[in-house]
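Listed below, chain by chain, are the residues.
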Amino acid sequence: MARPQPPPWVHAAVLLCLLGLGGAIEIPMDPSIQNELSQPPTITKQSVKDHIVDPRDNILIECEAKGNPAPSFHWTRNSRFFNVAKDPRVSMRRRSGTLVIDFRSGGRPEEYEGEYQCFARNKFGTALSNRIRLQVSKSPLWPKENLDPVVVQEGAPLTLQCNPPPGLPSPVIFWMSSSMEPITQDKRVSQGHNGDLYFSNVMVQDMQTDYSCNARFHFTHTIQQKNPFTLKVLTTRGVSERTPSFMYPQGTASSQMVLRGMDLLLECIASGVPTPDIAWYKKGGDLPSDKAKFENFNKALRITSVSEEDSGEYFCLASNKMGSIRHTISVRVKAAPYWLDEPKNLILAPGEDGRLVCRANGNPKPTVQWMVNGEPLQSAPPNPNREVAGDTIIFRDTQISSRAVYQCNTSNEHGYLLANAFVSVLDVPPRMMSPRNQLIRVILYNRTRLDCPFFGSPIPTLRWFKNGQGSNLDGGNYHVYENGSLEIKMIRKEDQGIYTCVATNILGKAENQVRLEVKDPTRIFRMPEDQVVKRGTTVQLECRVKHDPSLKLTVSWLKDDQPLYIGNRMKKEDDSLTIFGVAERDQGSYTCVASTELDQDLAKAYLTVLADQTTPTNRLAALPKGRPDRPRDLELTDLAERSVRLTWIPGDDNNSPITDYVVQFEEDQFQPGVWHDHSKFPGSVNSAVLQLSPYVNYQFRVIAVNEVGSSHPSLPSERYRTSGAPPESNPSDVKGEGTRKNNMEITWTPMNATSAFGPNLRYIVKWRRRETRETWNNATVWGSRFVVGQTPVYVPYEIRVQAENDFGKGPEPDTVIGYSGEDLPSAPRRFRVRQPNLQTINLEWDHPEHPNGILTGYSLRYLPFNGTKLGKQMVENFSPNQTKFTVQRADPVSRYRFTLSARTQVGSGEAVTEESPAAPNEATPTAAPPTWPPTTVGATGAVSSTDATATAAAATEATTVPIAPPVAPTTIATTVATTTTTTAAATMESPPTTGTKTHESAPDEQSIWNVTVHPNSKWANITWKHNFGPGTDFVVEYIDSNHTKKTVPVKAQAQPIQLTDLYPGMTYTLRVYSRDNEGISSTIITFMTNTAYTNNQPDIVTQGWFIGLMCAIALLVLILLIVCFIKRSRGGKYPVREKKDVPLGPEDPKEEDGSFDYSDEDNKPLQASQTSLDGTIKQQESDDSLVDYGEGGEGQFNEDGSFIGQYTVKKDKEETEGNESSEATSPVNAIYSLA
């Protein structure tokens, strides 16, 4: 229990100290200080600005003020001095400025109407009241008038005008009949805000009563009644239905102005048949639900306490089944001045600086006028210590002569604000304001506060000391508040002693002492127990108490929470209560209350009285069971660095034995207010030693548990803080994951209060690339995450996170493997489409070369098409391990376009597209087959022929069948699987049979043609023609010889397009198609990149003219060889002009005709020695051989050495025309000469 409550003057002194620290204080009401300290006047009470009085009463205009010395008062009326003493009806109350105007002796109150202002003055300044506008209430009579009956057609709208007489304040209007019956109002008939009665449509039953407008005046408490209206309704056979129209306000738009803080009332009343419904809306937003409400059957919208945000356009919508109409109301919110910073009294010490701030807002912006002692600041005597800066007055090095009362008047067209603030310069040494040598007694382990109210100017500083020690008490178990009070968070035995508070300023010091005594708590250690007894027996309820011997103990008993009357059958002792002859009326709950003047303790038991003589075998089974009551009186003992003993008193078990106690703790650094389980103990104990962690400010509570449930938590114990130490563990759940492709976010579960072990817990984060020898990077982090930037895509990192506090670092952390961010994967490799039959299509592919993360699967989109007709696109998703898929064809005619992409956790990557092979009837053209074989254009422009069978097989394997756009028919016969060109750049042209180059003509429909490729070793420039509109997107698709497909999206105007990252010497197929419609595509072209090292000079071997020449020579040689072989197989005749002298024998069959037969049978070579066709040298058998005359072949000689000439016989030219005898012109010699 804390110290006794201090007297009220102490609270005033504490308030004074708090205000003093803020620079603007009130002088305390302590008479000893009041009599010593001077104070300028301060207005404490005044009448309202608009003061309306009842003319039947005396007029009272209030004005009260305080100050030291007491101020005097005077008044002005309409800005002129008002002489109170001159008017016998006017008097001023004693010690007050309140005016009293008495009309008991006659006089008219209206004569005193005007604007009044009160002035309170003493020698230190003058304070002003508001300008009070005095008005006398008026309740004029209703003018006499004769009202004719109102004739109206049934169903027509009607307005009955009230026009009440003007009153002050305005009267309250209501409608009644002449018999004083109220008029029933609904959405058809209602009263407007102006007092008029509106009929949206008149009905016959409206004639049953008359209508009278009544005005009630507030001050006179009188009601005036207007002559009643009578209605005459003209009926018709049927009332025609009408669309709504507005009765109030008129037209389709209006405007309204309202002041800030006032209520905004918008009203719309409409006529129509049937009666319209009204709905309200705000343009550009919703109605403010917390301030808006509907009145008068939704015909009025009221918004309370409007602000600038409520300005705007509102509209009401009147509708019935015939139609609707709306009216727009433009609302403008203005504002009279309102305070942002109201000037406060300023109390300073000599030489101090200060300022008065007068800051207000309004609409329009208010102006600020400063006055001093009721006079404009401009006309006041100059003060070198004062400086005016707009809405602020700055005081520097203030002196006693600076004391005055300043007025700030801020105003605009809608009103004004007036505030007084005095500047007082005090020179007061410190003084104590509480009794000296107080005695404070407090219970052990409780929290207490020692107060030391003080006053002084300049404001003193306060320090606390214990038992005369020189060190100031602040920090740890002590806390000093700004007002000087000393709080001891948990009282211990060693805290007992004498505490001294010392207040000091430049003028001196003052001190006071407080004696603190620590008392043991009062505890009931033997509590009464629940009992079940027979009627007529004796029962005893124990209540044994331990308490501080210096405190007086009182033990009392309650029955059913009411004081127990101790009768003749009861005996109360110090430690028990005995009941003799128990009766049924004794059944109930009994509470033992052990109390001292500082604290108390309670214990409760329930007594059950049985009416019969048999006792149940299990008494608890006969009683209702419930959750246990909360444990109480938690106490901490045996305080150590890492442990403490917690003791508690069990609560009532409510007829179900307590099985467990759960001890929870809360700390105020990491998770204040959050309770955590600490440990669990059996229900048989009420004291346990708790193991604690370093540097935790513990607070404990206990929960009891039985078979029914858990009790409410006990009240928390006092706090206990353990000393600090380095962390003994590191954060858990350390992860490294990329949130982007170029970063890695390192996260971990932050350590809680019980594992921090010290202040300023932080984490040392280290990371480096795995399997590298680079040094560790590190950073100190206070949170639970750190982002590493500029990382490669999906690479492993080694990560360590170590805890550290101000006492040191934790143990060496474990290394965790994390990965940087993933990216989209590259396209799957070697995407193959095979068609073993007309019913199925087999797909196979390899994993991407660059997964860029963890593959999560593959996505396959395939689309059937037949010419320009497209089918429904299908989508298949595969697991990351699947690389095969079989498609069942819906029909044998349609082809399929397959698009395959790999997926990571980031998304789907680059796609590769293939098409199913064309059917045989698609691959074979209807025209005659081309006379030239398919060709492939290399990087140098050389044209190489390809075997037709190999080309057909390649077309089936590659499955990249172009979808040619419709073009004008030409004479060129082409196949789907081949594309040829005769230029160095690959263009989409097919060579005509004549060998001339023919370009594709521009088609009439949307198409792509004349695709041109200019390749290099690692790149190629692509251009094409098209007839699409501007802004069309295209896709360049190309496939290498490894069947890896890639696509490049481009804009139409971005030509030429450069394909990069190509491989030298590799063959590629390419096409261009529309991004919006893949069915519109160019034909497929084939090109080859340069080898890695090429000669820039043209090679003659690769020139076309050289190749043609070599082919012609080879053809000529072949023809000559054929002729030679034919001659050798047939034999030949060689005529001779002259025969040798040696006569021929008769056996020669050719002798007569002068020729000889040179045949194979003769086995005779020519006269000259020559190399035969088989490469051997044959010698002539005849002695007449030319070899005998020298080296043959150059000439022929006779035996005498004369030249023979030639062997040819010229006499028969026709005979010898094809058989020349000259060796130089023979076919064989020609062949040798060429060789």
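Calculation criteria
Residues numbered from 1 in each chain as written. Predicted model: local features only at pLDDT ≥ 70, side-chain atom pairs only at ≥ 80, totals over all residues. Heavy atoms only, no water. pLDDT = per-residue confidence, 0-100. Contact = heavy atoms within 4.5 Å. Phe/Tyr/Trp six-rings, centres within 6.5 Å; stacked < 30°, edge-to-face > 60°. Helix = DSSP H or I, 4+ residues; strand = E, 2+ residues; numbered from the N terminus. Buried < 20%, exposed > 50% of the residue type's maximum accessible area, 1.4 Å probe, protein only. Pairing = 2+ DSSP bridges. Core = buried A, V, L, I, M, F, W, Y, C linked by side-chain atoms within 4.5 Å. Salt bridge = Lys/Arg side-chain N within 4 Å of Asp/Glu carboxyl O.

Q: Help me understand the confidence of the model for the protein chain in this model?
A: Parts of the prediction with low pLDDT should not have their coordinates interpreted in detail. Of all residues in the protein chain, 80% attain a pLDDT of 70 or more, and the chain-wide mean is 80. Confidence drops under pLDDT 50 across residues 1093–1097; counting only partners more than four residues distant or on other chains, this segment forms zero contacts. Low pLDDT, under 50, characterises residues 1132–1235; the stretch is placed with 110 contacts to residues that sit more than four places away or in other chains.

Q: What is the right way to look at the packing of aromatic side chains in this model?
A: The geometry of an aromatic ring pair is captured by two quantities: the separation of the ring centres and the angle between the planes. This model, assessed by the stated rule, comprises 24 aromatic pairs. A centroid spacing of 5.8 Å and a plane angle of 35 degrees characterise the contact between Y862 and F898, whose relative ring orientation is tilted. Of the two residues, Y862 is situated in strand β74 (residues 857–866) and F898 in strand β78 (residues 895–903); the sequence distance between them amounts to 36 residues. Residue Y862 is classed as buried on the basis of its relative accessible area of 9%.

Q: Which parts of the structure should I look at to understand the pairing of strand β45 (residues 497–505)?
A: Most of β45 is tucked away, with seven of its nine residues classed as buried. Where strand β42 (residues 461–466) and β45 come together, six bridges link them in antiparallel fashion. Each residue of the ladder has a partner; that of F465, found in β45, is T500. As judged from the nine bridges shared by β45 and strand β46 (residues 508–519), these two strands associate in the antiparallel manner. Across the sheet, T500 pairs through a bridge with Q513, a residue of β46. Here β45 folds back onto β46 in antiparallel fashion, the turn holding two residues.

Q: In this structure, what is going on with the nonpolar core? I would like to understand it.
A: Across soluble globular proteins, you tend to see nonpolar side chains buried next to one another. Counting residues in hydrophobic clusters, the biggest one holds 43 residues, and the most contacted among them are W464, Y499, L646 and F700. Ranked by size, the runner-up nonpolar core spans 31 residues in total, among them F103, Y112, Y116 and F455.

Q: Mind showing me how you'd approach the pattern of salt bridges here?
A: Pairing between side chains becomes possible if they bear opposite charge and their charged atoms approach one another. Applying the stated rule across the entire model yields 53 salt bridges. Ionic pairing is found between K283 and E313, a salt bridge with its closest N-O pair at 3.1 Å. Linking K283 in the loop between β24 (277–282) and β25 (292–295) with E313 in strand β27 (residues 312–320), this pair joins segments that are 30 residues apart in sequence. Of the charged contacts, one joins K571 and E573 as a salt bridge, the two residues approaching to 3.3 Å between their closest N and O atoms. E573 gets classed as partly exposed once you look at its relative accessible area, which sits at 30%. It is possible to trace a salt-bridge network through shared partners that takes in R895, R897, E914, E915, E1037, K1045, R1071 and E1078.

Q: Would you mind showing me how to read the sheet that holds strand β59 (residues 660–666) here?
A: Paired through their backbone hydrogen bonds, the strands of a sheet run either parallel or antiparallel. Sheet architecture is open: four strands sit in the order β60-β59-β62-β63, paired in antiparallel fashion. For this open sheet the edge positions go to β60 (676–682) and β63 (720–721), each flanked by a neighbour on one side alone. Sheet topology places strand β62 (residues 697–705) next to β63; two bridges connect them, and they run antiparallel. The residue bridging N697 from the neighbouring strand is R721, located in β63.

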